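Here is what each chain is made of, one letter per residue.
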Amino acid sequence: MKKCKILCMLLAVVLVLPIFASCSSGKVVANNVSLKFVIPAEEEGGDEDVRFSKGEIKVEGTKDNPPTVLQAVEEALQEYEVAYKLTSDGASIGEVFGLKQDDSSDAERGYYQYWKCTINGEDSSEGRQSVTKIYDNDEIVFTWTEGSQGRRDTTAADADTTDPSADTTGEIPSNTTAETTEEA
């Protein structure tokens, strides 16, 4: 009878140990992640230029530091020895394949160019690639994006409506005082 109790106890321990081991490792893996860098066609109906494409990427992380877009991109580009640079804050891809993120403006418009990142066809809600988590079978696509928009700063907004050399103090009428009293 004692042998049976000991055998049952050992069996229970052997069955429970893997459960504790899996909980304590904290390892998180994103399997079958695909990555693509694309430059859109210049002409309508033209073919896009796929500069880099890799499927079945395995990205490992932990529960405290799960796999991210930036981690997947860096691992894939380093594996194929593709030169790249991060943005100044180190949170996103700033330059790769000779195309560098840039912003400029003139008196009326602001111009921008950058690598726009989408995951499964949607923009990230986190914004920065260094904190955007990825999961199994995610498709990460970087698209070279260029464009412009009207300036929104006060200098550009007021340029057409306000003359900076105009006198804005106006005239103060001579019959006004700070306090008015009526005589009865």
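Everything that follows concerns the structure shown earlier in this document.
So, how was this worked out
- One numbering rule holds for all chains: residues counted from 1, following each sequence as written.
- Whole-chain, interface and lining totals are the exception, using all residues; otherwise, since this is a predicted model, local features are given only for residues with pLDDT of at least 70 and side-chain atom pairs are given and counted only at 80 or more.
- By convention in this description, side-chain values take in all heavy atoms of the structure and omit both hydrogens and water.
- Accessible area is worked out with a 1.4 Å probe on protein chains only. A residue is then buried under 20% of its type maximum, exposed over 50%, and partly exposed in between.
- Helix and strand assignments follow DSSP, with helices taken as H or I runs no shorter than four residues and strands as E runs no shorter than two, numbered in order from the N terminus.
- The directions from the helix axis to the C-beta atoms are what the arc is built from.
- In this description, contact between two residues means that some pair of their heavy atoms is separated by no more than 4.5 Å.
- Here the aromatic set is Phe, Tyr and Trp, taking the six-membered ring for Trp, and pairing holds for ring centres within 6.5 Å; pairs whose planes are under 30 degrees apart are stacked, those over 60 apart are edge-to-face, and all others are tilted.

### Details of helix α2 (residues 69–79)
1) Next: Residues of α2 that are buried: V69, L70, A72, V73, A76 and L77. For α2, the angular spread of buried residues about the axis comes to 160°, placing them on one side.
2) Next: Contacts made by the buried residues of α2 are with β1 (27–39), β2 (49–62), β3 (84–86), β4 (93–96), β7 (109–119) and β9 (139–150).
3) Next: Trailing α2 by a residue or two, E81 shows a phi angle of about 55°, which is positive.

### Quick look at the packing of aromatic side chains
1) Next: The tally for this structure, following the rule as stated, stands at 8 aromatic pairs.
2) Next: Note on F37 and F97: the rings are 5.5 Å apart at their centroids and 70° apart in plane angle, and the pair reads as edge-to-face. In this pair, F37 is assigned in strand β1 and F97 in the loop between β4 and β5 (99–100), connecting sequence segments 60 residues apart.
3) Next: On the basis of an interplanar angle of 85° and a centroid distance of 5.2 Å, the ring pair of F37 and W115 is categorised as edge-to-face. Of this pair, F37 sits in strand β1 while W115 sits in strand β7, and the two are 78 residues apart along the sequence.
4) Next: Among the residues examined, F37 registers a relative accessible area of 0% and is labelled buried.
5) Next: The class for W115 is buried, based on a relative accessible area of 3%.
6) Next: Three or more aromatic residues joined by ring pairs make a cluster, and in this case those are F37, F52, Y80, F97, W115, F142 and W144.

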